[in-house]
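The primary structure of each chain is shown beneath.
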Amino acid sequence: ERTRRIAGHIAGLMPSIPHETADAIGLLCRHVLSHRSWFWLTHEYGIDTDEVADLVVWAVTALIDAANSGDLPDLTDPTQRTPYPTE
């Protein structure tokens, strides 16, 4: 449920992007925002938490800006994707 809400909110920031593509980008952003990513960046790679916050904001903003400017990933047959899990 949480993943659906976060990915859906991010996808909503890209209203002119095809739904399936915006959803996939939203899921990628969700991964960047996850506690697993945070753990790896801080504990495994030693990046300061304030720097991780800046990196995450930059990454998510860059992905959304790129998509909204037309720089989209080439996603083939989104109907074949496994539905994302709920948390």
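Residues numbered from 1 in each chain as written. Predicted model: local features only at pLDDT ≥ 70, side-chain atom pairs only at ≥ 80, totals over all residues. Heavy atoms only, no water.

Our focus in this paragraph is a nonpolar patch on the surface. A grouping of Phe 39, Trp 40 and Tyr 45 is seen on the molecular surface, where their side chains present a nonpolar patch of about 370 Å² in accessible area. Overall, Tyr 45 belongs to the exposed group, its relative accessible area being 58%. (Patch = residues over 30% accessible without salt bridge, like charges linked within 9 Å, V, L, I, M, F, W, Y side chains within 5 Å. Areas by Shrake-Rupley, 256 points an atom, 1.4 Å probe, with all protein chains shown as cover. Salt bridge = Lys/Arg side-chain N within 4 Å of Asp/Glu carboxyl O. Buried < 20%, exposed > 50% of the residue type's maximum accessible area, 1.4 Å probe, protein only.)

What follows is about the packing of aromatic side chains. Per the counting criterion, the structure on display carries 2 aromatic pairs. Arranged with centres 6.3 Å apart and planes meeting at 85°, the rings of Phe 39 and Trp 40 form a pair that is edge-to-face. Looking at Phe 39, the relative accessible area reads 39%, which means it is partly exposed. Its relative accessible area of 45% is what places Trp 40 among the partly exposed residues. When the ring of Trp 40 is compared with that of Tyr 45, the centres are 6.3 Å apart and the planes differ by 40°; the resulting orientation is tilted. (Phe/Tyr/Trp six-rings, centres within 6.5 Å; stacked < 30°, edge-to-face > 60°.)

Another point: the confidence of the model for the protein. Across the protein, pLDDT averages 87, with 87% of residues at or above 70. Between the elements of the protein, mean pLDDT differs from a low of 87, seen in helix H1 (residues 2–12), to a high of 95, seen in helix H4 (residues 49–68). (pLDDT = per-residue confidence, 0-100. Helix = DSSP H or I, 4+ residues; strand = E, 2+ residues; numbered from the N terminus.)

Okay, the environment of Met 14 next. Take Met 14: it is sitting in the loop between H1 and helix H2 (19–32). It is 9.4 Å that separates the C-alpha atoms of Met 14 and Ile 25, two residues lying 11 residues apart in sequence. The residues touching Met 14, leaving out its near neighbours within four places in the chain, are Ala 22, Ile 25, Gly 26, Ile 64, Ala 67 and Asn 68. (Contact = heavy atoms within 4.5 Å.)

A few words on the nonpolar core. Ile 10, Ala 11, Met 14, Ile 17, Ala 22, Ile 25, Cys 29, Val 52, Val 56, Val 60, Ile 64 and Ala 67 form the largest nonpolar core, which has 12 residues in total. Looking at this core, the elements with two or more residues in it are H1, H2 and H4. Examining the composition of this core, we find that 5 residues originate from one element, H4, more than from any other. The residues contacting Ile 10, other than those within four sequence positions of it, are Gly 26, Cys 29, Arg 30, Leu 33 and Ile 64. (Core = buried A, V, L, I, M, F, W, Y, C linked by side-chain atoms within 4.5 Å.)

A turn of α-helix holds 3.6 residues, and therefore any two residues three or four places apart point the same way. When the terminal C-alpha atoms of H2 are compared, their 20 Å separation across 14 residues agrees well with the 20 Å that a helix rising 1.5 Å per residue should span. The set of residues buried in H2 consists of Thr 21, Ala 22, Asp 23, Ile 25, Gly 26, Cys 29 and Arg 30. For H2, the secondary structure elements touched by its buried residues are H1 and H4. (Expected span 1.5 Å × (residues − 1).)

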